[in-house]
Structures are given as structure tokens and as C-alpha cells.
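The primary structure of each chain is shown beneath.
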Amino acid sequence: MKSHKYDLVVIGAGSGGYAAARTARELGASVALVDPGPLGGLCILRGCMPSKTLLATSDRAQDVREAKALGIATDAPRVDLPFVMARKREVIGGFTDYRVEALRSFPLYEGAARFLDGGHIAVGEETTLEGKAFVVCTGSIVAPAPILGLDEVGFIDSDAALELETLPKSLLVLGGGYVACELGQFFARLGVETTIAIRGKQLLSGEDDDVGESLTRYFRDEGIPVETGVQFSNFVRSGANKVLHAVQAGVARTFEAEEVFHALGRVPNVGGLDLEKAGVRYHPITGIEIGPDIRTSTPNIFAVGDVTGEYPLVHVAIHQGEIAARNAILGTSERADYRLWRTHTIFTDPQVAVVGETEKSLKRAGAQYLVGSYLFSEHGKAISIDRTKGFVKILASPSDGKILGAAIVGPEASDLIHEMIVAMYFGATVEDIVRIPHLHPTLAEILTYPAEDIIAQRTVGAPSGVAAAS
Ligand SMILES: Cc1cc2nc3c(=O)[nH]c(=O)nc-3n(C[C@H](O)[C@H](O)[C@H](O)COP(=O)(O)OP(=O)(O)OC[C@H]3O[C@@H](n4cnc5c(N)ncnc54)[C@H](O)[C@@H]3O)c2cc1C
């Protein structure tokens, strides 16, 4: 058996692992990466990048459908799926080659790692690696099918959805999270009769009610039925179709489609790591426990990204990976910036983007806040470019006007939110937002209106029906 020694051994070479390895090497440490492949990580191979590449097609097809509103006569768009998939493969191939080249600049052990103790891992049967420190970033896997009969009738998950070469006539999407919403809308816009069935009362149930409610309404307006309050019972086959038996509002219902898309979530990938041997505490559903300095219950072992369960987002994996590497190599206890961890975006149309606190989280914490909001349908630039769906909302502290959080449902929300991210990073107030110049006419200037609204509330006291201070 071959044995090698490193300052840092990174287990899993996805977004979090690459960030940790790169950061540790920049600090002069010896670093090894371990990954059984396929190399590239979820984001590039089966997550963010392929999904957004596909959404570019469905969004553009929708632009063509809506072009009439701007005086352009068009035929209904016809989407060439094999072309779309070939384009996606080419785009993703380029990203993958670039990343794999970067990964191969490290000592790279291509096998699955398992802990032998707190200072050693085995890679396959032939190699052991000794590390002064370890970063575990083995990502997540699709959660096991949670409904009776679903395995038997068969289903697609997000991996398969991103690879479809022919479209089903109809699709039943299970789940109302971001993957369900993005890909559900993609298939609907490609002409698949798509129904979304969820247990909760609206899409994106983790978001504030106004955010989830508005997306649910826009989906329904677009002709995508969103069936809420559905208690899933079991699946059976009926000819070429798959049938879900369920109960909705106390009434027995069936939902039938040619294909079922299981988008009910992912779970941390902890299987086979033998974390017990290293004394690392974890739970199979919530993942590896970490503190604010990204350390696990074993201080020389860190865990980052999806395997920690909480915020399965690329920027979080990268943020945690960089901090883990610095703490591992420098022996420090740098903490992640919790205020900004919740930042996320959903690439539906309209897009959704959220930073910092939400009304839900502030209410849970019993915190006081002021809220200002503004509709895109009342904003000049949005009206002039015919992009009027959605709203912006800012939450601020009543005592000093500091921005606590913001949510945007609307055009380019994933880009517009960056003004709020930067503002929060620097501890800006709503007064700062109004003082900072905003170009006119732009979508971005819409953020000055809720800021003005909150300033007025702080000056004269909250007008009734506008401030939701709790
Ligand atoms: C359809 C979809 C769309 C998404 N869109 C977005 C988006 O728009 N924006 C966003 O921020 N996030 C998005 N995500 C989530 C994002 O992709 C993940 O949060 C992120 O990629 C996780 O990175 P990671 O480093 O934790 O894990 P991964 O990138 O999954 O890396 C884990 C690595 O560990 C390796 N591994 C597994 N077991 C072992 C072992 N025993 N030993 C060694 N190595 C091992 C794997 O081979 C893999 O390379 C999306 C996810 C999906 C599924």
C-alpha cells in the first residue's frame, strides 16, 4: 500500500473542494485532491451550468411568444431539442475541460475516500493519505424516492431531466423548490403539458409568502397548473401513463402524466466515508455538523458545501471552502459571514432573488423591522421594456435604517440583487441607497423607491397598512 503525506487533503473536487484546494495552495501548503469522478462537480456537470444553459432556450422561446406586445409579428417558436442538448453538451464540455485541467494541477487521487482515523484516509485499496487537516466536500445525492410505487413506475430526477433527448407529452413535477420551478417551467415552455404538485400552499415554501405566492400566480397565469396541499399516497401505472393517487383538501384525487419528475430534494452524500472512525458527527439527512469556523466535531477536519446540508449553493460552498482552507493552514478561527449566507436566486421567469433576512426569519427571531416594497408594473423602465411582473422589497432596522434583507421577484432579479448584497456587505442604510446615484431609466433604480418608503416611515412613523413592523 502506498502512503503519502500532505498539509491538507481535500475529499471531493467540486466547487467547495476546488476553492479549498486553491486557497490552501496559495498559502504555500501541500495539498492533495481526492475524487472518484466524473470530475467537474455538480455545478458544472449536472447542476447550475447545464440547467441555466437549457433555460436560455426556453426563456428565448418565451421572448418570441411575447414579442407581439412590442409590435413584432412571429410564428410560434419551434424548439429543436437535439440541437438544444448538443449545444448544452458543448458548453458544459468546455467548462469541464477547463476545470479538470485546473484540478490536475494538484496531486489528484481518482478514487473514493474513506477515513481510517482522524489523520488518515484510504483511497481505494492501494493508497493511504496522511493529512494534518482534511476538508470533506462530497456534495449531495438525489433523495430516495419517498412515495410508494414511485420506484416501480419509474421517474426522472434532475440528472435525467438535463439529458432528455425526447420530450414526454405530459409531466408531473413533484416538489416546489427551485429545481422543480426552473426545470418545470423549462419543460412547460418547450410544450410539455406540465403540472406541479406540492404539499405546501405555494411554490418556494421557504421564502416569504408574498414571494412564493407571486411566483405561484405567475406560473398559473402562464398555464402551468400548481396543485397545492397535495398529500401523496402512491403511484400506479395506467397504460403508457403514471398515475399519482393523492388527497387534496380532504378529497381523493389522481394526477396522471407520461413522465414524473422527482424534484423533492437532495440529501448530503455521507455514505461510505466512515466518518465515525474520525469522530466526525453527522446525520444522514441534515449532513455533517459544522461550527461557524467550518470545523466539524474533530477540529482538524472541516466540511463544506452540500455535504453540510444547510445552504446547497455554489457561492456558499466556495465561501466555506476558502475559510476552511485558511483556518486549516493558518490555525485560525475565521467565521463565515452569516448575514449573507442566505443570498440565493432562482432562475425562473420572473426570476427570484433574496439576500439577508426575510420577514419570516425576522418574525421568528422576534426582531423589529420596517418594510418597503414597489411593483415593477409601476416602474417606468419596466413598463417601457414590457417586463412588469414582480416587485422589490427591502427590510430595514427601524432604529438606524440599516438594510436587513431584500427580496426581488422580477426581471433580472439575479443581477439586481447584487446592489443589495454589496449594500449589506458594507452595512449600508436605506438613506445610503437613496444617496447613491442610480442611472435613469434603469431597472436598478426601482430599489430607491422602497428605500424612500422606509425613510418616510422612520421620519413620520409607520403609516398604517404599509409598514409591517412586527
Ligand atoms: C439541477 C440543479 C441546479 C442547480 N442550480 C444552482 C444554481 O443555479 N446556483 C447555485 O448556487 N447552486 C445550484 N445548484 C446547487 C449546486 O450545484 C451545489 O450546491 C454545488 O455544486 C455543491 O458543491 P459541492 O462542492 O458541495 O459538491 P459537488 O460539486 O457535488 O462535489 C462533490 C464531489 O465529491 C466527489 N465525491 C463523492 N464521494 C466521494 C468520496 N467518497 N471521496 C472523494 N470524493 C467524493 C464527487 O465525485 C464530486 O466531484 C444546483 C443543483 C442542481 C441539482
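Nothing here was measured: the structure is a model prediction, and the numbers come from that model.

Taken together, five strands build an open sheet; the order of strands is β19-β20-β23-β22-β21 and the sheet is antiparallel. Each edge of the sheet is formed by a strand with only one pairing partner; in this case those strands are β19 (344-346) and β21 (370-375). The average angle at which neighbouring strand axes cross in this sheet is 10°, direction not considered.

Let us now look at the sheet that holds strand β12 (residues 241-248). Backbone-to-backbone hydrogen bonds join strands into a sheet, with any given pair of strands oriented parallel or antiparallel. The antiparallel open sheet is built from three strands, whose spatial order is β11-β12-β13. Sheet topology places β11 (230-238) and β13 (251-257) at the edges, where each strand pairs with a single neighbour. Averaged over neighbouring strand pairs, the angle between their axes works out to 25° when direction is ignored. Bridge analysis of β12 against β13 gives seven bridges, and the strand direction is antiparallel. By the bridge assignment, L244 is partnered in β13 with F255.

Turning to the site of the ligand, a few remarks are in order. Residues in contact with the ligand amount to 35 residues; listed here are only the nearest, G16, D35, K52, D306 and V314. Between the ligand and the protein, one listed contact pairs an oxygen atom with a side-chain N or O atom of D35 at 2.6 Å. The separation between an oxygen atom of the ligand and a polar main-chain atom of C43 is 3.3 Å. Isolated, the ligand exposes 1,000 Å² of accessible area, and the fraction of that covered by the protein chains is 92%. Per element, the largest residue contribution to the shell around the ligand is four residues, and it comes from helix α2 (residues 41-46). Taken together, the residues of the shell around the ligand break down into 17 nonpolar, 13 polar and five charged.

Quick look at the pattern of salt bridges now. As enumerated under the stated definition, the model contains 26 salt bridges in all. Residue D208 pairs with K393 through a salt bridge whose shortest N-O separation is 2.8 Å. Within this pair, whereas D208 is found in the loop between β9 (193-197) and α8 (209-221), its partner K393 is found in strand β22 (residues 391-396), the two being separated by 185 residues in sequence. Salt-bridge contacts for K393 lead to E359; the nearest nitrogen and oxygen are separated by 2.8 Å. Of the two residues, K393 sits in strand β22 while E359 sits in helix α11 (residues 359-365), which places them 34 residues apart along the sequence. By relative accessible area, which is 2% here, K393 ends up buried. Taken together, the shared-partner salt bridges in this structure form one network comprising D59, R189, E222 and D349.

Okay, the nonpolar core next. Burial of nonpolar side chains together is a common tendency in soluble globular proteins. Formed by 36 residues in total, the largest nonpolar core has its most connected members in F187, L203, F219, F261 and V352. Those elements that provide at least two residues to this core are α3 (48-66), α4 (81-103), β8 (170-174), α7 (178-189), α8, β20 (351-356) and β23 (403-410). Here the element with the most residues in this core is α7; it accounts for five residues. Ignoring any residue separated from it by four or fewer positions in sequence, one finds V352 in contact with L204, V211, L215, H344, T345, I346, I408, V409 and A413. Judged by nonpolar contacts, the second largest core, of 28 residues, contains L39, V100, A324 and A325.

Moving on to the packing of α3 against α7. Between α3 and α7, whose axes approach to 9 Å, the crossing angle comes to 45°. Between α3 and α7, the angle falls in the class oblique. In this structure, α3 crosses over α7, and the sense of that crossing is left-handed. Facing α3, whose interface residues are S51, K52, L54, L55, S58, D59, Q62 and R65, α7 presents E182, L183, F186 and R189. Class assignment for the residues of the contact of α3 with α7 results in four nonpolar, three polar and five charged.

Reading the values: rules and limits
- Residues numbered from 1 in each chain as written.
- Predicted model: local features only at pLDDT ≥ 70, side-chain atom pairs only at ≥ 80, totals over all residues.
- Heavy atoms only, no water.
- Pairing = 2+ DSSP bridges.
- Helix = DSSP H or I, 4+ residues; strand = E, 2+ residues; numbered from the N terminus.
- Axes fitted to C-alpha atoms, helices over the stretch in contact; angles between N-to-C directions.
- Near = heavy atom within 4 Å.
- Polar contact = N/O pair within 3.5 Å; in protein donor to acceptor, adjacent residues only side chain to side chain.
- Areas by Shrake-Rupley, 256 points an atom, 1.4 Å probe, with all protein chains shown as cover.
- Nonpolar A, V, L, I, M, F, W, Y, C, P; charged D, E, K, R; others polar.
- Salt bridge = Lys/Arg side-chain N within 4 Å of Asp/Glu carboxyl O.
- Buried < 20%, exposed > 50% of the residue type's maximum accessible area, 1.4 Å probe, protein only.
- Core = buried A, V, L, I, M, F, W, Y, C linked by side-chain atoms within 4.5 Å.
- Contact = heavy atoms within 4.5 Å.
- Parallel < 35°, antiparallel > 145°, perpendicular 65-115°, else oblique.
- Left-handed = near helix turned anticlockwise from the far one by under 90°.

Treat this as a map of the structure, not an account of what it does.
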